[in-house]
Amino acid sequence: MIQTPQKFTALTDTSTRRLVAVVPAAGIGSRMQTDKPKQYLTIQGKTILEHSLNVLLTHPANIEQIILAVAPQDSYLSELNCLKQPRIRIIQGGETRADSVLNGLNHIPSSDNTWVFVHDAARPCLTHGDMDKLLAVNDINGAILATPAIDTIKRANNHKQIQQTEDRNHIWLAQTPQFFPADLLRHALQTALQQGLAITDEASAMELAGFQPHLVQGRTDNIKVTRPEDLALAAFYLSQQNTKETL
Ligand code: CTP
Ligand code: MG
C-alpha cells in the first residue's frame, strides 16, 4: 500500500480544478467478432468512438484535453472527422487496457489540481447528467459510475456449480467514466502494474493504493459495447437520447 502524499490530503478547490480525459481505444474487440475493432463500428452515421468522444467534448465543464490511446497499427482512426478537434491528442495504447490508460496519464503534466475522467471508447451512451454526478464528488478518493447488481449473484466452483449465493446488497457493477486526481491515479496504476497485478479498472488500482473510491449510481444504458447483441442495444439507447448535442 502506498502512503497518500501529504499534499494531496486537502480537498481540491473545484473552482480552479482542471479537467482532462483519457480514452482507451486500443483494444481489438475480440468478443465482438467483427472485422474491425468495435470502437470503429458505426451507429447513426458515427463511429462508437466518435459518440463517446462527443459526450466528453460537449460537456460544459470544458475538459481541456482528451488523450486518446489507440493501437500502434490503427488504420481506421485517420478516417474520422473528430480528429480535427484541437482538444484531442492521440497517443499509442499498450498491451492491456491498464497499459493504454497509463500511457495516457503519462501525457498529463504533473499537477495537484488536475482531475482525469477515464472513459472507455466502447461506451457511447454516456450522458452529461452522469458526468455531472461525478463532478459533484470532491474527495481525493475519487469516484466511479456504477450500477447496483439487479440479478441474484452466484459464486461458482471450478465445475460451474453454485458454491454460494452472494449478498447482492453490496455488489455494484463498475462502469466508466472513473474520475480521479490525475497524479494519484498515475502513481497508483504505475505501482500496481510494476507489481504485475491484473488491473481491469482505475478504481482497483486506487483501492490497492489504499483509497476508497465513491460509487456513484449511473444509468443502466451506459453499456460497454462488448458482444454482437450490444450493438443494437446501443443504437436503441442512442436513438432515445437524440437531443444530444454534437460537435
Ligand atoms: N483497450 C485499450 N487497450 C487495450 C485493450 C483495451 O485501450 N490494450 C480499450 C478498448 O478499446 C475499450 C476499453 O479499453 O475501449 C474497454 O475494453 P474492452 O471492452 O475489453 O475492449 P477490447 O479489449 O477491445 O475487447 P475484447 O476484450 O472483447 O477483446
Ligand atoms: Mg478487453
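Everything numeric in this text was worked out from a predicted model, so none of it was measured.

### Structural notes on the layout of surface pockets
Okay, step 1: One number sums up the size of the largest pocket: a volume of about 600 Å³.
Okay, step 2: Those elements that place two or more of their residues in the lining of the largest pocket are strand S1 (18-25), helix H2 (97-105) and strand S10 (172-181).
Okay, step 3: When residues of the lining of the largest pocket are assigned to their parent elements, the largest contribution, 4 residues, is made by S10.
Okay, step 4: Grouping the constituent residues of the lining of the largest pocket by class yields 8 nonpolar, 12 polar and 8 charged.
Okay, step 5: Looking at the second largest pocket, its volume works out to about 460 Å³.

### Regarding the sheet that holds S1
Okay, step 1: As summarised here, the arrangement of the 7 strands in space is S5-S4-S1-S6-S10-S7-S11, forming an open sheet in which the pairing is mixed. Each having just a single partner strand, strand S5 (88-92) and strand S11 (214-217) make up the two edges of the open sheet. Averaged over all neighbouring strand pairs, the angle between strand axes comes to 30°, with direction disregarded.
Okay, step 2: Bridge count between strand S7 (residues 143-148) and S10: 5 bridges; the pairing is antiparallel. Its bridge partner being in S10, Ile-144 is matched across the sheet by Gln-178.

### Side note on the side chain of Thr-147
Okay, step 1: Residue placement: Thr-147 occurs in strand S7.
Okay, step 2: Leaving out residues up to four positions away in the same chain, Thr-147 has contacts with Ile-171, Trp-172, Leu-173, Gln-175, Gly-218, Arg-219 and Thr-220.

What counts, and where the lines are drawn
Residues numbered from 1 in each chain as written. Chains lettered and ligands numbered in written order. Predicted model: local features only at pLDDT ≥ 70, side-chain atom pairs only at ≥ 80, totals over all residues. Heavy atoms only, no water. 1 Å grid on protein atoms, 1.4 Å probe; cavity = no way out; pocket = protein on both sides within 12 Å on 5 of 7 lines; lining within 4 Å. Points joined across faces, edges and corners; volume = space filled by probe spheres on them. Helix = DSSP H or I, 4+ residues; strand = E, 2+ residues; numbered from the N terminus. Nonpolar A, V, L, I, M, F, W, Y, C, P; charged D, E, K, R; others polar. Pairing = 2+ DSSP bridges. Axes fitted to C-alpha atoms, helices over the stretch in contact; angles between N-to-C directions. Contact = heavy atoms within 4.5 Å.

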